[in-house]
Amino acid sequence: MFRGKSLVLWVTAVMVLAVPALKANAQEGLEVSIDPVSRFFHVSYEVPSDATEEVRVLCAWTPAGEENWRPARVTPMLTTTASRYMQEKQWRQWFDEGCLVEKRCGGLKRTVVFNPYPEAQTQGQVNILFRVRLEAPDGREILSRQIPLQADNTDVYYIEDWTQVLQADAVTAATEPQAVQWQWRTDLPASERVSFGNALYGSVNPHPLPQITFPLHMRGWYAIYLVGNPQAGPIRIRLSGDERADQISSRYPYEEVFWAWRNMDRQHLVLKQGHDYRGNIPAHLDYVKFVPLTAEQVAGLESSFGLERDKLVAGYYEPYSWAFYENIQETLQHREPLAAFAEAGIGLLDMQIGRFGMKVVYESRVTDHLIYSTIGDPVPGDPQPTTNNVGRMQQYTNTLETCLRYAKDYGFPIHANFGASNCYPGTPLQGEITKQHPDWLRGSTLRFELPEVREYVFGIWRETLDIGAPGISIDFCRYPETIDSATTCTDFLRSLRQLADEYGPSRGGHIPILIRFPATGVRLSEYFDYETWCQERLVDYLCPSNIQGRHLHFDIAPYKQAVLGTQCKLLPCVDGLYWGQARPGPFLWRIKQLYDAGADGIYIYQADACVLDRPGDRRLVRMLSSSDAVNRWWQNDAELRPLCSKGIYLNYP
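How each quantity is defined
- Residues numbered from 1 in each chain as written.
- Predicted model: local features only at pLDDT ≥ 70, side-chain atom pairs only at ≥ 80, totals over all residues.
- Heavy atoms only, no water.
- pLDDT = per-residue confidence, 0-100.
- Contact = heavy atoms within 4.5 Å.
- Disulfide = S-S within 2.5 Å.
- Buried < 20%, exposed > 50% of the residue type's maximum accessible area, 1.4 Å probe, protein only.
- Helix = DSSP H or I, 4+ residues; strand = E, 2+ residues; numbered from the N terminus.
- Pairing = 2+ DSSP bridges.
- Axes fitted to C-alpha atoms, helices over the stretch in contact; angles between N-to-C directions.
- Polar contact = N/O pair within 3.5 Å; in protein donor to acceptor, adjacent residues only side chain to side chain.
- Parallel < 35°, antiparallel > 145°, perpendicular 65-115°, else oblique.
- Left-handed = near helix turned anticlockwise from the far one by under 90°.
- Core = buried A, V, L, I, M, F, W, Y, C linked by side-chain atoms within 4.5 Å.
- Salt bridge = Lys/Arg side-chain N within 4 Å of Asp/Glu carboxyl O.
- Nonpolar A, V, L, I, M, F, W, Y, C, P; charged D, E, K, R; others polar.

Asks: Describe in detail the confidence of the model for the protein chain, supporting the description with residues and values.
Replies: Mean pLDDT over the protein chain stands at 92; residues scoring 70 or higher make up 95%. Every residue in residues 1-20 scores below 50 in pLDDT, and together they form 75 contacts with partners more than four places removed in sequence or on other chains.

Structural data, given as structure tokens:
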């Protein structure tokens, strides 16, 4: 919410938030305010109306009373969507040269964002002279202005010295440790691009590095930022009272990443090495910053999530994908992703535990489950990544029963979700039953028109209901080829409804069914008679969907008409993967379109991609259960966008 005329944007956050500036002053054509959450300076200047089409903005600073000018580490004022599109070449120009380019800005007010730490801040005090010089492309000066910048940041706490952790023997100054230890490296060259030439490194060993704890004695609320060199590896970070750690890294050197705002009473900071499908990975951390927040500032931040939840957010979760990069050996580890989904405000978790015909990813005894090696989708540098991580999860834990139990603690239901089919012939994922019955297959998918296939499928679903699933779900995307006609699909759902109704009396009267299926225009959409499903109440949640980055803006009017007068809820799909709408702007624009058109909520595929990774994306998802929060985001964006650096962004390069 904007208060008065104080507009504040954080390029490190994923939503537009505003709190009152700490102070503001104007001098010689420049205006300055301080973002109280990041403590960044916002220096605004008027561009002459006769300025050239393109303007180079050169920013520099010098200690007060000196003439020792040096480039200022600045960024232009950006919308949160635009900040997602900046590239390393731009970042290096902004941070290394203090230079940015503005286009078609004649007669407009533009703003640069300046982080004084570490060079321009001494013992918490900022007392410098800041210069903004505008040049034409040929080097001709358009204007040059200077203004003093002063700030007292002694209440901001930085962790720079990582030898102060409680586990002193876990950190060594040696670059080649004899034991499994973290490395505290000092006197690093400028090429390492870390503050003060110091940083914490974690190398790859056969065994994981021990967790380390930095003791804290803070009280009250703080905004927390961290910085790490992206070339040296991410870090997993949590507070001692947290149930899970976030894996975070700066995108570019010196970039402060906004992690969270948290009550720090009786909390310590805990660091952990990351993990991927190959095992332990390198870790790195430069520094962590804590900025104290007032009660008013915390209330302003929290208000961005809306006052009332009036929309249902269903999230697709794939334990297979989560475990692909994790080392899951303990049952309690299943709480970690569920804690993130709860924080994101997910109201229904659609947990895919297999695709019919493949080895399943839960504790089945009626079909074979995945307990050994598996292969994944291509990643940079590895066209066919192979891991034992998923199988190890099945060796040591009960995936479905455990998640159902923990989800009750967090207050949302889990639907046992299966992909309609992909048998992955010839891979470690292929189920034994499809090897025994190749006649059941059409290509790589099962043929649902066959009674034997349906009997096999319903036997698996019956097992998940016996385990305790309060709802069930089928995903006809991304592989709708298992259906050969609309009649086959509808008859299949009638039988599924009968199966669910057998369990209804012992589960409160009704087992809800969720269906994700191809929207109009998507491959084989004509085989999915959603109108009949709604009329006969075969399904409870209707989720028309795109497939893999196409048809992202399908019309929901026919589906709204189909659920009208029924008890079925319409949850159109939005894509949480990288091939969907970019976040936050295009993503939130689609959400607003759907809510304005009368959707009861949304279905995010894959929600784990935007809930379990970036903390900012998790906050974005938390907004979605409130149509008021989404509308206010766009109101704020409309006010802020004219003040930001111009750019047209259609998609990632």
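What follows continues from the structure just given.
Asks: I'd love a proper account of the state of the cysteines, names of residues and values included.
Replies: Each disulfide is one covalent bond, formed between the sulfur atoms of two cysteines. For the structure on display, the rule yields zero disulfides. Counting only cysteine sulfurs, Cys-489 is the nearest neighbor of Cys-423, a cysteine outside any disulfide, at a range of 17 Å. With a relative accessible area of 0%, Cys-423 lands in the buried category. As a non-bridged cysteine, Cys-644 has Cys-105 as the owner of its nearest cysteine sulfur, 14 Å distant.

Asks: Which residues make up the pairing of strand E3 (residues 41-46), and what values do they have?
Replies: One face of the sheet, then the other: side chains in a regular strand alternate in exactly this way. Burial of E3 is extensive: five of the six residues sit out of reach of the surface. Pairing geometry for strand E2 (residues 30-34) and E3, over five bridges, is antiparallel. What sits directly across from Leu-30, in E3, is Tyr-45. Counting the residues that bridge the hairpin from E2 to E3 gives six residues, and of these Arg-39 lies at a positive phi of roughly 65°. Summarising the sheet, E3 and strand E8 (residues 109-114) pair through six bridges and their orientation is antiparallel. Paired with Tyr-45 across the bridge in E8 is Arg-110.

Asks: Explain the sheet that holds strand E14 (residues 199-202) residue by residue, including any values.
Replies: In spatial order, the strands read E12-E13-E14-E23; together these four strands make up an open sheet with mixed pairing. A strand with exactly one partner marks an edge of an open sheet, and here the two such strands are strand E12 (171-172) and strand E23 (283-285). Taken together, the three bridges between E14 and E23 define a ladder with antiparallel strand orientation. Bridging from a neighbouring strand, Leu-200 pairs with Leu-285 of E23.

Asks: So what's going on with the pairing of strand E9 (residues 125-135)? Residues and values would help.
Replies: Pairing of strand E4 (residues 54-63) with E9 involves eight bridges; the strand directions are antiparallel. When the bridges of E9 are listed, Cys-59 appears paired with Val-132. Where E9 lies against strand E10 (residues 141-152), eleven bridges are found, and the strand directions are antiparallel. The residue of E10 that forms the bridge with Val-126 is Ala-151. The antiparallel hairpin formed by E9 and E10 contains five residues in its connecting segment, where Gly-139 sits at a positive phi of about 95°.

Asks: Now, about the sheet that holds strand E20 (residues 269-272): what can you tell me, with residues and values included?
Replies: Pairing is antiparallel across the open sheet formed by four strands, whose spatial order is E15-E20-E17-E18. Sheet topology places strand E15 (212-214) and strand E18 (246-248) at the edges, where each strand pairs with a single neighbour. For this sheet, the mean angle separating the axes of adjacent strands, direction not counted, is 35°. In terms of strand pairing, E15 meets E20 through three bridges, oriented antiparallel. Residue pairing for E20: Thr-213 is matched across the bridge by Val-270.

Asks: Describe helix H6 (residues 389-396), listing the residues and the values that go with them.
Replies: Residues three or four positions apart in an α-helix share a direction because the helix packs 3.6 residues into each turn. Counting buried positions along H6 yields six of eight residues, so the element is predominantly enclosed. All of the buried residues along H6 are Asn-389, Val-390, Gly-391, Arg-392, Met-393 and Gln-394. If you follow the buried residues of H6, they end up packed against strand E21 (275-276), helix H4 (319-324), strand E27 (374-375), strand E28 (386-387) and helix H7 (399-410).

Asks: How would you sum up the side chain of Gln-394? Please name residues and give values.
Replies: Mapped onto the elements, Gln-394 comes out in helix H6. Assessed through its relative accessible area of 5%, Gln-394 is described here as buried. A polar contact is formed between the side chain of Gln-394 and the backbone oxygen of Tyr-362, at a distance of 3.2 Å. In this structure, Gln-394 is in contact with Val-361, Tyr-362, Glu-363, His-369, Leu-370, Ile-371 and Thr-399, ignoring residues within four places of it in sequence.

Asks: I'd love a proper account of the packing of helix H13 (residues 585-596) against helix H16 (residues 627-640), names of residues and values included.
Replies: How two helices sit against one another is set out by the angle between their axes and by the gap between those axes. H16 packs onto H13 with a crossing angle of 130° between their chain directions and a minimal axis gap of 10 Å. One finds that H13 runs oblique with respect to H16. Seen from above, H13 lies across H16 with left-handed handedness. Counting all contacts with H13, which are made through Gly-585, Leu-588, Trp-589, Ile-591, Lys-592, Tyr-595 and Asp-596, the residues of H16 involved are Ser-627, Val-630, Asn-631, Trp-633 and Trp-634.

Asks: I'd like to hear about the nonpolar core, residue by residue, with values.
Replies: Counting residues in hydrophobic clusters, the biggest one holds 121 residues, and the most contacted among them are Phe-448, Trp-461, Phe-476, Trp-533 and Leu-542. Excluding its chain neighbours within four sequence positions, the residues that come into contact with Leu-542 are Ile-515, Phe-517, Tyr-530, Trp-533, Cys-534, Tyr-559, Val-563, Cys-568, Lys-569, Leu-570, Leu-571 and Pro-572. The next biggest cluster of nonpolar side chains, apart from the first, holds 36 residues, and it includes Val-32, Val-74, Leu-100 and Val-126.

Asks: Let's hear about the pattern of salt bridges: which residues, and what values?
Replies: Applying the stated criterion to the full structure yields 40 salt bridges. Across the pair Arg-193 and Asp-96 runs a salt bridge, and its minimum N-O distance is 3.1 Å. Pair noted here: Arg-193 is in the loop between strand E13 (182-185) and E14 and Asp-96 is in helix H2 (residues 88-97), with a separation of 97 residues, a long-range link. In this structure, the salt-bridge partner of Arg-262 is Asp-242, at a minimum N-O distance of 2.3 Å. Pair noted here: Arg-262 is in strand E19 (residues 257-263) and Asp-242 is in the loop between strand E17 (235-239) and E18, with a separation of 20 residues, a long-range link. By relative accessible area, which is 23% here, Arg-262 ends up partly exposed. Among the ionic contacts, a cluster of salt bridges with common partners joins Arg-56, Arg-133, Glu-135 and Glu-141.

Asks: Report on the packing of helix H5 (residues 335-343) against H7, specifying residues and quantitative values.
Replies: One can describe the packing of H5 onto H7 by two numbers: an axis separation of 10 Å at closest approach and a directional angle of 35°. Between H5 and H7 the crossing geometry is right-handed. Seen from H5, the contacting residues are Arg-335, Leu-338, Ala-339 and Ala-342; seen from H7, they are Cys-403, Tyr-406, Ala-407, Asp-409 and Tyr-410. Among the residues making up the contact of H5 with H7, the classes are represented as seven nonpolar, no polar and two charged.

Asks: Describe the side chain of Ser-525, naming the residues involved and giving the relevant values.
Replies: Assignment of secondary structure puts Ser-525 in the loop between strand E33 (513-518) and helix H11 (530-535). In terms of polar contacts, Ser-525 uses its side chain to reach the backbone amide nitrogen of Gly-521, at 3.4 Å.

Asks: Tell me about unusual backbone geometry, residues and numbers included.
Replies: For residues other than glycine, phi is negative in most cases, and the peptide bonds are mostly trans. For the bond running from Tyr-117 to Pro-118, omega is 5°, close enough to zero to count as cis. Residue Arg-478 is bonded to the preceding Cys-477 through a cis peptide linkage, with omega at 15°. Considering the arrangement of structural elements, one finds Arg-478 in the loop between strand E32 (471-475) and helix H10 (486-503). A positive phi angle, near 75°, is found at Tyr-254, a position not held by glycine. Tracing the sequence through the fold places Tyr-254 in the loop between E18 and E19. The buried category is assigned to Tyr-254, whose relative accessible area is 13%.

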